[in-house]
Amino acid sequence: MRDETLLDTLKRRGISRRGFLKFCATTASMLALPPSMAAAVAEAMGKVRRPVVIWLSFQECTGCTESLTRAHSPSVESLIFDAISLDYHHTLQAASGHAAEEAREHSMKADWGNYLLIVDGSIPIRDDGVYSTIAGISNLQMLKDAAAGAAAIVSVGTCAAYGGLPHANPNPTGAVAVTEIIKDKPIINVPGCPPIPAVITGVLAHYLTFGAIPDLDDLGRPKAFFGESIHDRCYRRPFYDQGKFAKTFDDEGARNGWCLFELGCKGPTTHNACATTKWNGGTSWPVQSGHGCLGCSEPDFWDGGSFYKALSTPISPVTGAAAAAVAIGAAAGVAIGLANRQTKAAAKAAHQKATIADLEK
Amino acid sequence: MNAMDLLLWSRGPGLGIAVGIFLFGMVLRLFEIYSLGRKRDLAPARTGGEGSGWRTMFSRSVPDRAQFKRSPVVFTTGYIFHLGFFIVLLFLLPHIELIEAVIGLSWAPPPPPIVDLVAVITLIALIVTLIYRIMDPVRRMLSTFGDYLAWGVTFLPLLTGYMAYHHLLLDYTLMLALHILSVELLLVVFPFTKLTHMVTLFISRWYNGEWFARKGVAS
Amino acid sequence: MTASLQKGINALREVLDAPIASYFSSCVRCGMCAEACLFYTETKDPKYTPIHKVEPLRRLWEQEYTLTGRVKKMFGLSKPVTDEELEEWSPLVYDSCTQCGRCSMVCPVGNDITYMIRKMREGMAISGHAPEGVIGATKRTIELGSPMGIKLPALQTQIGKQEAETGLTIPIDVEGADYMALLSSMEIINFPEYLGALAKIFHNAGVSWTLSSEAFEATNSGIQIGVADLASDIVMRIVTAAEKLKVKSVISPECGHAFTALRWEGPNLIGRPYGFTVVHILELLDELRSAGKLKTTGKESEALTFHDPCQIARRGGVVEQPRRLLGDVAEDFREMSDTGVWNWCCGGGGGVSANDRAEHLRLTAFKRKKAQLDALGVETMVTACANCRIVLEEGLEHYNMNVKVVGLTELVAEHLVEQESGK
């Protein structure tokens with residue numbers, strides 16, 4: 001099956017050319033490409049030989065894989081899945097144990113320099129990376145080895161992109177993002193906790209079509225999906241602008257679908273496609289369901305203060321610092337106060353009763 | 001360091017440091033003032049007059065008509081930007097959330113477009129005060145680096161806040177971080193500039209009012 | 001000649017207190033004090049901005065009494081206060097300030113700049129930076145008893161003339177009298193009718209009063225030059241005499257700074273309360289009026305106005321009394337715009353009139369009073385301070401204005417209901 005083209009695979013599966021073209025048109029538009037590009041996408045994808053993809057799962061919860069494979073019916077996501085040669089994936093592969101590792105190494109060697117490396121999960125580096133190992137090999141070592149022969153790397157999920165949950169305070173395992181370790185390969189960050197399924201596949205489709213990295217923002221995310229903030233695409237934005245906010249999850253404001261800023265929505269500082277592409281095949285998304293955005297596609301969103309406190313609040317209470325400052329200020333104040341009184345007393349002691357002779361030099 | 005890191009720092013350690021330095025400086029200043037003491041006045045005070053230190057604390061905010069005409073720019077722009085600054089600070093919802101998180105008090109905000117308008121008016125008033133400070137001979141002569149610094153650290157939070165709210169120029173996350181950092185700059189610089197007047201003006205007005213009240217004059 | 005910068009700095013260290021520290025912490029350089037000060041409004045020279053007049057004091061406060069200032073000083077980063085600087089500031093502190101107090105009323109953050117200038121003079125004087133004229137007045141007050149050098153014989157001559165004029169005896173050194181009256185040199189020399197007026201009023205009202213041969217001078221050059229020790233000596237003469245004569249109250253005459261010195265600063269200068277009260281002559285006249293003991297007849301028909309002496313009205317609290325008195329003797333009393341506690345200074349108080357160096361500036365500043373008068377269009381101005389009278393007269397003459405200046409006590413006396421004279 002390795003040398004099948006994508007079109008061959010689809011035909012085998014009973015997907016018509018028409019259905020395939022529809023998918024390409026959708027993909028093109030999601031990437032914000034003009035309609036004329038749909039044909040180019042179709043042609044490129046149709047000819048595509050199933051490239052080798054190695055998927056490494058490190059310190060992760062498997063949510064990103066769950067997201068990708070959340071197919072409630074034979075969906076196009078799973079077809080794409082068939083269209084690549086997924087030579088290594090913990091959750092989805094049949095092989096296990098040493099056999100699986102051997103298969104991985106064999107694959108890497110056979111396609112050295114050309115395979116696409118996908119990573120999900122953060123990489124712990126403290127204590128030589130002992131906190132997450134596969135077959136006795138630390139994630140850190142495995143990543144370095146796999147990255148060496150990769151054409152490009154896709155960091156799927158916030159853990160791989162930015163460190164994610166394990167990276168949150170106090171980060172006991174020393175979890176870091178892929179970009180902290182690999183500096184010499186093109187890396188696409190596809191954050192989200194998890195990312196939207198179509199966003200993952202959209203990025204892959206872009207890479208497969210053009211053989212190139214899409215336009216990335218300064219955090220390494222494809223602008224096509226992460227170029228806008230939730231706030232700017234949120235359907236509840238008019239309520240924000242009018243000053244209508246839900247104060248609890250059950251009040252009149254909540255029932256009326258008002259803005260969730262007061263309930264902790266991090267929409268303004270979060271870049272993702274949730275507000276437009278939505279989840280579960282376009283069914284809904286957190287804000288629509290009445291819960292504020294967690295900001296899960298941003299770095300350190302776990303350390304950004306409570307999910308239920310507004311963006312403008314302090315992450316941690318300042319009362320401690322305030323109390324300490326007042327105490328230290330008072331101590332310094334007492335010191336300077338005593339010094340002041342001493343200066344005054346000395347001046348008074350040095351005072352000699354003035355006479356008219358003192359009026360002139 | 002990316003914009004999100006900057007934002008999280010400003011909402012986290014940055015705020016603690018800024019509030020800390022602010023409170024340290026202000027408490028210190030109060031000790032510096034009161035430690036010098038005030039000699040008891042042995043001359044008998046008049047009784048039954050209208051004046052008092054407490055009264056002057058508030059009445060001094062009401063200008064004498066004739067003097068208003070002699071300093072119209074200072075009075076007008078002064079009132080506008082002080083009131084405007086505090087309206088924006090106290091009545092924009094994100095600020096109300098912040099205040100509630102810190103001291104537990106909150107109140108209903110007026111419609112955002114009104115607060116927004118006030119912000120614009122305040123920015124304009126501040127620019128006018130700067131121009132006047134530079135162009136009027138008395139103000140120009142009096143002004144030191146500290147005065148221009150105080151203007152800058154007062155202007156920046158309003159400007160960056162306005163820009164953030166309206167998504168102007170920079171990415172929102174960065175603009176919000178700059179806004180919060182500009183507030184922290186204001187807090188840190190505060191106790192070491194004339195901005196201390198925010199607290200000490202009440203002390204000064206009290207001493208002034210008391211002095212005049214002993215003579216039977218309401219100042 | 002032992003003035004020194006060191007003594008000056010030391011004096012300033014002594015006088016810097018919590019109010020001044022608060023004032024310097026509050027100044028926002030808004031410049032409104034300039035627009036309240038007639039020396040600025042009539043010259044438009046920014047250096048006459050009141051808060052600017054105390055800039056060396058501010059620097060000293062910062063260097064001596066604040067943490068940041070002390071640290072800066074330790075690292076040699078602060079500019080010390082020098083003799084040259086204090087000399088440069090002398091005209092600002094002495095020529096362009098009468099201690100009128102308008103700046104203190106206007107300052108939006110509540111600074112009492114007048115108070116600060118008063119304190120700054122303590123450092124200026126003792127370091128040798130007071131103006132010659134004021135030094136001379138102070139020397140004469142200490143050595144001879146009066147800033148104009150008037151001694152008892154000169155007073156006695158005037159007493160004699162007034163006794164002849166009025167047909168009344170003017171009591172001297174009467175122990176147990178209720179009131180001991182004081183006079184300013186200016187009154188003794190230029191307006192001796194004041195003494196006669198007192199005699200008539202007190203006779204009609206049945207007030208027991210006296211002068212003291214040991215202390216008749218009210219003017220206190222010590223507070224004008226700003227040397228508390230000397231001011232204290234001057235006050236003490238009055239206190240000693242009054243307590244010796246066992247009077248109930250001492251009357252401060254029609255002189256602004258005399259009232260400030262005796263009524264408000266005095267007990268603090270000598271370090272203890274008095275064994276008597278102090279009243280301004282206007283307060284006493286008003287009390288007599290309320291008690292029905294000040295019967296007057298007839299009223300001036302011409303339009304007249306009242307110039308409030310700064311130390312008596314704004315800084316002294318005697319505001320309504322002259323107006324009640326004027327109501328009895330004037331038909332057409334017109335208030336100046338900016339009146340009462342907001343009235344404008346004559347420009348010559350606080351030592352300025354004794355300071356030749358300041359003459360030109362004082363006459364320029366007089367344009368403020370001129371503007372007030374021009375707006376009213378009256379030809380008579382009543383006031384209750386002998387120094388104001390002289391200064392006003394000089395200003396009016398300088399600008400060729402046809403306005404007469406009248407003392408209030410004399411005016412009231414002129415309208416007294418005639419009673420049998422004592423002789």
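Provided above is the structure to which this section pertains.
In this report, the structure presented in the accompanying data block is examined. In this text, all values refer to a predicted model and were calculated from it rather than measured experimentally.

What follows deals with the overall build of chain C. A count of helices and strands for chain C gives 23 helices and seven strands. Considering only C-alpha atoms, chain C reaches an extent of 80 × 50 × 35 Å along its principal axes. Buried residues in chain C amount to 67% of all 423 residues. Here chain C carries 45 positive and 55 negative side-chain charges, and the mean point of each set is 5 Å from the other.

Residues and elements named next belong to chain C. The residue serine 212 is located in the loop between strand S2 (209-210) and helix H15 (221-225) in this model. At 3.1 Å, the side chain of serine 212 and the backbone nitrogen of glutamate 214 are in polar contact. In terms of polar contacts, serine 212 uses its side chain to reach the backbone amide nitrogen of alanine 215, at 3.2 Å. In contact with serine 212, not counting residues within four places along its chain, are Ile172, Asp173, Met180, Ala241 and Leu245.

This brings us to the sheet that holds S2(C). Residues and elements named next belong to chain C. Here four strands make up an open sheet; going across it, the order is S2-S1-S3-S4 and the pairing parallel. The sheet terminates laterally at S2 and strand S4 (277-280), the two strands that pair on one side only. Together, strand S3 (249-252) and S4 form the strand contacts of helix H17 (residues 256-270), whose direction differs from that of S4 by roughly 160°.

This part is about the sheet that holds strand S7 (residues 150-156) of chain A. Residues and elements named next belong to chain A. The sheet built from five strands is open, its strands ordered S2-S1-S3-S7-S9 with parallel pairing. Edge positions in the sheet fall to strand S2 (85-88) and strand S9 (187-190), since each of these pairs with one other strand and no more. Neighbour-to-neighbour, the strand axes of this sheet turn through a mean angle of 25°, independent of strand direction. Bridging between S7 and S9 involves four bridges; their strand directions are parallel. Counterpart to isoleucine 153 in the pairing with S9 is isoleucine 187.

Of the residues lining the interface, 31 residues belong to chain C; the matching set on chain A comes to 19 residues. Roughly 2,200 Å² is buried in total at the junction of chain C and chain A, and carbon and sulfur atoms are behind 57% of that figure. Summed over the shared surface of chain C and chain A, the result is four salt bridges. Lys353(A) is the salt-bridge partner of Asp233(C), the closest N and O atoms lying 2.9 Å from each other. Taken together, chain C and chain A are joined by 19 residue pairs in polar contact (both at pLDDT 80 or more). Going through the elements one at a time, helix H1 (5-15), helix H6 (55-65), helix H7 (67-74), helix H10 (113-126), helix H11 (132-144) and helix H16 (228-245) of chain C are the ones with two or more residues in the side of chain C that touches chain A. In terms of residue count, the dominant contributor to the side of chain C that touches chain A is H11(C) (five residues).

The subject of this paragraph is the pairing of strand S6 (residues 380-383) of chain C. All names here are of chain C. Every second residue of S6 is oriented toward a common face, with Thr380 and Val382 on one face and Met381 and Thr383 on the other, all of them buried. Both strand S5 (residues 304-307) and S6 contribute to a ladder of four bridges, which runs parallel. When the sheet's bridge partners are listed, threonine 305 is paired in S6 with methionine 381. Judged from the four bridges that link them, S6 and strand S7 (residues 404-407) form a sheet pairing that is parallel. Looking at S7, one finds that methionine 381 is bridged to valine 405. Regarding topology, helix H22 (residues 386-398) serves as the crossover connection from S6 to the parallel S7, and that connection is right-handed.

Turning to the nonpolar core, a few remarks are in order. All names here are of chain C. With 64 residues, the main nonpolar core has Ile201, Phe202, Trp209, Leu288, Leu326 and Leu408 as its most contacted residues. For this core, the element with the most residues is helix H14 (residues 193-205), which contributes eight residues. One finds Cys33, Ile51, Val93 and Ala125 within the second-largest nonpolar core, a separate group that totals 61 residues.

The subject of this paragraph is the pattern of salt bridges. Counted under the stated rule, the structure contains 45 salt bridges over all chains. Across the pair Arg237(A) and Asp232(A) runs a salt bridge whose closest N-O atoms are separated by 3.0 Å. Each of Glu55(C), Arg58(C), Glu62(C) and Lys72(C) takes part in a single network of salt bridges with overlapping partners.

Let's shift gears to the packing of helix H2 (residues 18-26) of chain C against H10(C). When two helices pack together, their arrangement is given by the angle between the helix axes and by the axis-to-axis distance. Residue and element names in this part refer to chain C. Contact pair H2 / H10: the axes reach a minimum separation of 10 Å and the direction vectors enclose 120°. In terms of orientation, H2 and H10 fall into the oblique class. Once H2 is placed against H10, the crossing between them reads as left-handed. Touching Pro19, Ile20, Tyr23 and Phe24 of H2 are Tyr115, Met116 and Lys119, all from H10.

Residues and elements named next belong to chain C. At a minimum axis distance of 11 Å, the contact between H2 and H6 shows a crossing angle of 105°. Overall, the two elements H2 and H6 adopt an arrangement that is roughly perpendicular. In this structure, H2 uses Ile20, Ala21, Phe24 and Ser25 to contact H6, whose residues at the interface are Leu57, Arg58 and Trp61. Counted by class, the contact of H2 with H6 contains five nonpolar, one polar and one charged residues.

Here the focus is the interface of chain B and chain C. How big an interface is tends to be stated in terms of accessible area lost as the parts join. Counting residues at the interface gives 50 residues for chain B and 62 residues for chain C. Carbon and sulfur atoms make up 58% of the surface buried where chain B meets chain C, a total of about 4,500 Å² over both sides. Counting across the interface, chain B meets chain C through three salt bridges. A salt bridge links Glu35(C) to Arg139(B), with the shortest nitrogen-to-oxygen separation between them at 2.9 Å. Between chain B and chain C we count 31 residue pairs in polar contact (both at pLDDT 80 or more) in total. The dominant element in the side of chain B that touches chain C, judged by the number of residues it contributes, is helix H11 (residues 197-214) of chain B, at eleven residues. Looking at the side of chain B that touches chain C residue by residue, the class counts come to 24 nonpolar, ten polar and 16 charged.

Residue Pro170(A) is bonded to the preceding Asn169(A) through a cis peptide linkage, with omega at 0°. The amide bond that connects Cys193(A) to the next residue, Pro194(A), takes the cis arrangement and shows omega of -5°. Structurally, Pro194(A) can be placed in the loop between S9 and helix H10 (197-210). With phi around 55°, Asp127(A) is a residue other than glycine that occupies positive phi space. What makes Asp127(A) partly exposed here is its relative accessible area of 46%. Positive phi, normally seen in glycine, also occurs at Lys246(C), with a value near 55°. As for its placement among the helices and strands, Lys246(C) is situated in the loop between H16 and S3. Residue Lys246(C) is classed as exposed on the basis of its relative accessible area, which comes to 56%.

Residue and element names in this part refer to chain B. On the surface, a cluster of nonpolar side chains totalling about 690 Å² of accessible area is made up of Tyr79, Leu83, Ile87, Phe91, Val102, Ile103, Leu105 and Trp107. Per-element accounting of the nonpolar patch gives the leading share, four residues, to helix H5 (residues 72-91). On the accessibility criterion, phenylalanine 91 (30% relative accessible area) is partly exposed.

So, on to the environment of Glu32(B). Along the chain, Glu32(B) turns up in helix H2 (residues 13-34). When residues no more than four places from it in sequence are discounted, the contact partners of Glu32(B) are Ile336(A), Asn340(A), Tyr65(C), Thr66(C) and Leu67(C). For Glu32(B), the side chain forms a polar contact with the side chain of Arg29(B), separated by 2.9 Å.

A word on the environment of Gly256(C). All names here are of chain C. Within the secondary structure layout, glycine 256 lies in helix H17. Expressed as a C-alpha distance, the spacing of glycine 256 and cysteine 385, which sit 129 residues apart in the sequence, is 5.7 Å. Other than its neighbours up to four places away in sequence, glycine 256 contacts Gln311, Ile312 and Cys385.

The next thing to look at is the pairing of S7(A). Residue and element names in this part refer to chain A. Of all the seven residues making up S7, six are buried; the element is thus mostly covered by neighbouring parts of the structure. Here six bridges tie strand S3 (residues 115-120) to S7, and the two strands are oriented parallel to one another. Across the sheet, residue isoleucine 118 finds its bridge partner in S7, namely valine 154.

Each value, and the rule that gives it
- Once a new chain begins, its residue numbering starts again from 1 and follows that chain's sequence as written.
- To label them, take the chains in the order written and letter them from A, then take the ligands in the order written and number them from 1.
- Confidence filtering applies because this is a predicted model: local features only for residues at pLDDT of at least 70, side-chain atom pairs given and counted only at 80 or more, and all residues used for totals across whole chains, interfaces and linings.
- The side-chain figures draw on all heavy atoms in the structure; neither hydrogens nor water molecules are used.
- Numbering of helices and strands runs from the N terminus, with a helix taken as a DSSP run of H or I at least four residues long and a strand as a DSSP run of E at least two residues long.
- Partly exposed describes any residue whose relative accessible area lies between the buried limit of under 20% and the exposed limit of over 50%, with all areas from a 1.4 Å probe on protein chains only and scaled to the type maximum.
- The charge count treats Lys and Arg as positive and Asp and Glu as negative. His and the chain ends do not count.
- Where a charge lies is defined by one atom per residue type, namely NZ (Lys), CZ (Arg), CG (Asp) and CD (Glu).
- As used in this structure description, the phrase polar contact means that two N or O atoms lie within 3.5 Å; if the pair is within protein, one of them must be able to donate a hydrogen and the other to accept it, and residues adjacent in sequence are counted only when both atoms belong to side chains.
- Throughout, a contact is declared for two residues whenever any of their heavy atoms are within 4.5 Å.
- We treat two strands as partners when DSSP finds at least two bridges between them.
- Helix axes use the C-alpha atoms of the stretch in contact, all axes being lines fitted to C-alpha atoms, and the angles between their N-to-C directions lie in the range 0 to 180 degrees.
- Here the quantity called buried area is the total loss of accessible area, with a 1.4 Å probe, experienced by two parts when brought into contact, counted for both.
- By convention in these notes, a salt bridge is any Lys or Arg side-chain nitrogen within 4 Å of a carboxyl oxygen on Asp or Glu.
- Handedness rule for crossovers: strands pointing away from the viewer, path from the first strand over the helix to the second running clockwise, crossover right-handed.
- What we call a nonpolar core is a set of buried Ala, Val, Leu, Ile, Met, Phe, Trp, Tyr and Cys residues that are connected through their side-chain atoms within 4.5 Å.
- By definition in this entry, angles of less than 35 degrees are roughly parallel, angles greater than 145 are roughly antiparallel, angles of 65 to 115 are roughly perpendicular, and the rest are oblique.
- The sense of a crossing depends on the near helix, which, turned anticlockwise from the far helix by less than a right angle, makes the crossing left-handed and, turned clockwise, makes it right-handed.
- Each residue gets one of three labels, nonpolar for Ala, Val, Leu, Ile, Met, Phe, Trp, Tyr, Cys and Pro, charged for Asp, Glu, Lys and Arg, and polar for the others, Gly among them.
- Like charges are joined within 9 Å and nonpolar side chains (Val, Leu, Ile, Met, Phe, Trp, Tyr) within 5 Å, but only among residues with over 30% relative accessible area and no salt bridge; these make up the patches.
- Values of accessible area rely on a 1.4 Å probe in the Shrake-Rupley scheme; residue burial ignores everything except the protein chains shown.

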